[in-house]
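A look at the structure
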Amino acid sequence: MITLNLANPGLRDIFRLAVRRVYAYKMFTYLGVLQAFLQLLLLRAVWQAVYGDRASVDGVPLETMVTYLTVVGVINFIIYPGIASEIGRRIEQGQVAIDMVRPVGFVRQMLALELGDSAGRWILLVIVIPGLMLIGSLAPPSPGAAALFLVSLGLAFAVSVLMWLLVGLSGFWLMQISGMRGLIGMASNFLAGSMIPVWFMPGPLRTAVEWLPFQSINFLPASIWVGQATGWEVGRALGVQAFWVVAMGLLARWVWARAQRRIIVQGG
């Protein structure tokens, strides 16, 4: 497993730098806020058209669906997959050669940057959450469900970071990861349940999605919030997420051990 210890002074400095970087590029950050609002607005309009005059579809009320979309909007804003782009850029520009000789390991540097970027965005939740509530709905769950949601959200963040870390590390073989990043991004947007909850997917597709890690990022935590996952289903959801955290953590460790033998410095 790959671990991150922010008690390390070097990693702590990288974390703080990443938080400040979020606000150094204010327009990019504000566009991210606007994107969250527009996505929820468009998805709500689409699903209202799908429901039409019906109060529910497959036992899921429209209000529950709107709340689900709102929670997904919050999750997507919190969990920003920037680590693959960061690694890809450093490989393409040859900066990875400098990163590799620093006393703090390269992967831990990237994880600290990713955590700092996310923490910088979390501060903006004071704007994002009221805005999303205005467009959608965040009907509060029970205290128990809220606590389980937070656990699931932490696991979702870990799954996302590890998945995109693996995409970034593929750059040591591919040299240019924009195609891989686009492919995984497209698959993630659909299979994570951002647009269509897994419970609405047809049988064979749903079965396939349940064997993949993508649902751990959006669908599982959001389904806990809206109460579609209860009892043993919550335990199963958390177990699936924990499995993917461990599996991808071990895979990332294995890939990184081999990536270090593949370093080709570009740029100048």
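For the structure itself, look to the data block above.
These figures come from a predicted structure and were not determined experimentally. The residue count restarts for each chain, going from 1 along the sequence in the order it is written. Local features in this predicted model are restricted to residues of pLDDT 70 or higher, and side-chain atom pairs are both shown and tallied only at a pLDDT of 80 or more, whereas totals for entire chains, interfaces and linings draw on every residue. The side-chain quantities take in all heavy atoms of the structure and omit both hydrogens and water.

**Topic: the overall build of the chain**
Inclusion rule: Numbering of helices and strands starts at the N terminus; helices are DSSP runs of H or I of at least 4 residues and strands are runs of E of at least 2. Throughout, the radius of gyration refers to the C-alpha atoms, and the reference size of a globule is 2.2 Å times the residue count to the power 0.38. Buried, partly exposed and exposed residues are distinguished by accessible area as a fraction of the type maximum, computed with a 1.4 Å probe on protein chains only: under 20%, between the cut-offs, and over 50%, respectively.
Helix and strand counts for the chain come out as 13 helices and 2 strands. The C-alpha radius of gyration computed for the chain amounts to 19 Å, which stays within 12% of the reference 18 Å derived for 268 residues, consistent with globular compactness. C-alpha extents for the chain along the principal axes are approximately 60 × 40 × 35 Å. Split into buried and exposed, the 268 residues of the chain put 49% on the buried side.

**Remarks on the side chain of serine 170**
Operational definition: Contacts are assigned to residue pairs with any non-hydrogen atoms lying within 4.5 Å of each other.
Position of serine 170 relative to the elements: it lies in the loop between α8 (143-169) and α9 (171-174). In this structure serine 170 touches Ile177 and Met180, once residues within four positions along its chain are discounted.

**Points about the environment of alanine 45**
By secondary structure assignment, the location of alanine 45 is in helix α2 (residues 26-51). Taking C-alpha positions, alanine 45 is 9.8 Å from valine 66, a pair spaced 21 residues apart along the chain.

**Observations concerning the packing of helix α4 (residues 83-93) against α8**
Selection criterion: Whenever a helix is involved, its axis is fitted only over the stretch in contact; in every case the axis is a line through C-alpha atoms, and angles between N-to-C directions fall within 0 to 180 degrees. By definition in this entry, angles of less than 35 degrees are roughly parallel, angles greater than 145 are roughly antiparallel, angles of 65 to 115 are roughly perpendicular, and the rest are oblique. With the far helix as reference, a near helix turned anticlockwise by less than a right angle produces a left-handed crossing, and one turned clockwise produces a right-handed crossing. Following the grouping adopted for this structure description, the nonpolar residues are Ala, Val, Leu, Ile, Met, Phe, Trp, Tyr, Cys and Pro, the charged ones are Asp, Glu, Lys and Arg, and the polar ones are all others, Gly among them.
At a minimum axis separation of 7 Å, α4 and α8 run at an interaxial angle of 20°. Taken together, the axes of α4 and α8 lie roughly parallel to each other. Considering the relative orientation of α4 and α8, their crossing is right-handed. On the side of α4, the interface is formed by Ile83, Ala84, Ile87 and Ile91, while α8 contributes Val161, Trp164, Leu165, Val167, Gly168 and Leu169. Within the contact of α4 with α8, the residues separate by chemical class into 9 nonpolar, 1 polar and no charged.

**Brief notes about helix α3 (residues 62-78)**
Heads up, the condition is: To estimate the expected span of a helix, subtract one from its residue number and multiply by 1.5 Å.
With 17 residues, α3 extends 25 Å between its outermost C-alpha atoms, agreeing within 8% with the 24 Å of an ideal straight helix rising 1.5 Å per residue. Of all 17 residues making up α3, 14 are buried, and the element is well covered by its neighbours.

**Some thoughts on a nonpolar patch on the surface**
Basically, it comes down to this: Residues qualify for a patch when their relative accessible area is over 30% and they have no salt bridge, like charges being joined within 9 Å and the nonpolar side chains of Val, Leu, Ile, Met, Phe, Trp and Tyr within 5 Å. The Shrake-Rupley method, run with a 1.4 Å probe, gives the accessible areas here. Residue values count only the displayed protein chains as cover. Should a side-chain nitrogen of Lys or Arg be within 4 Å of a carboxyl oxygen of Asp or Glu, the pair is scored as a salt bridge.
On the surface, Met27, Tyr30, Leu31, Leu34, Leu38 and Leu41 cluster together into a nonpolar patch covering about 610 Å² of accessible area. Position of methionine 27 among the secondary structure elements: in helix α2. On the basis of relative accessibility, which here comes to 58%, the residue methionine 27 falls in the exposed class.

**A few points about the packing of aromatic side chains**
Operational definition: Geometry of aromatic contacts follows a simple scheme: Phe, Tyr and Trp rings, the Trp one being its six-membered ring, pair when their centres are within 6.5 Å, and the pair is stacked under 30 degrees between planes, edge-to-face over 60, tilted otherwise. Distance and angle both matter: a charge sits over a ring if NZ of Lys or CZ of Arg is within 6 Å of the ring centre and within 35 degrees of the ring normal.
All chains considered together, the criterion is met by 12 aromatic pairs. By the ring-pair criterion, three or more aromatic residues cluster together here, those being Trp47, Tyr68, Trp199, Phe200 and Phe219. Lying across the ring of phenylalanine 77, arginine 121 places its NZ or CZ 4.4 Å from the centre.

**Section: the pattern of salt bridges**
Tallied over the full model, the rule gives 8 salt bridges. Residues glutamate 86 and arginine 89 are paired through a salt bridge, measuring 2.6 Å at the closest nitrogen-oxygen approach. Of this pair, glutamate 86 and arginine 89 both sit in helix α4, 3 residues apart, which is roughly one turn of the helix. Relative accessible area serves as the criterion here: at 10%, glutamate 86 is assigned to the buried category. Residue arginine 206 is joined to glutamate 210 by a salt bridge in which the shortest nitrogen-to-oxygen separation is 3.2 Å. Placement of the pair is arginine 206 and glutamate 210 together in helix α11 (residues 203-210), with a separation of 4 residues, close to one helical turn. On the accessibility criterion, arginine 206 (30% relative accessible area) is partly exposed. Judged by relative accessible area, glutamate 210 falls into the partly exposed class, the value being 28%. The structure contains a network of salt bridges with shared partners spanning Arg21, Glu86, Arg89, Arg90, Asp99, Arg102 and Asp117.

**What about the packing of α2 against α3?**
It is at 10 Å that the axes of α2 and α3 come closest, and there the two elements cross at 160°. Overall, the two elements α2 and α3 adopt an arrangement that is roughly antiparallel. Once α2 is placed against α3, the crossing between them reads as right-handed. Taking contact as the criterion, the partners of Gly32, Val33, Ala36, Gln39, Leu40, Leu43, Arg44, Trp47, Gln48 and Tyr51 in α2 are, on α3, Leu62, Met65, Val66, Leu69, Thr70, Asn76 and Phe77. Counted by class, the contact of α2 with α3 contains 11 nonpolar, 5 polar and 1 charged residues.

**Section: the environment of phenylalanine 214**
Following the sequence through the fold, phenylalanine 214 ends up in the loop between α11 and α12 (219-225). Using a relative accessible area of 10% as the deciding quantity, one classes phenylalanine 214 as buried. With sequence-adjacent residues up to four places away left out, phenylalanine 214 is seen in contact with Met163, Ile184, Ala187, Ser188, Leu191 and Ala192.

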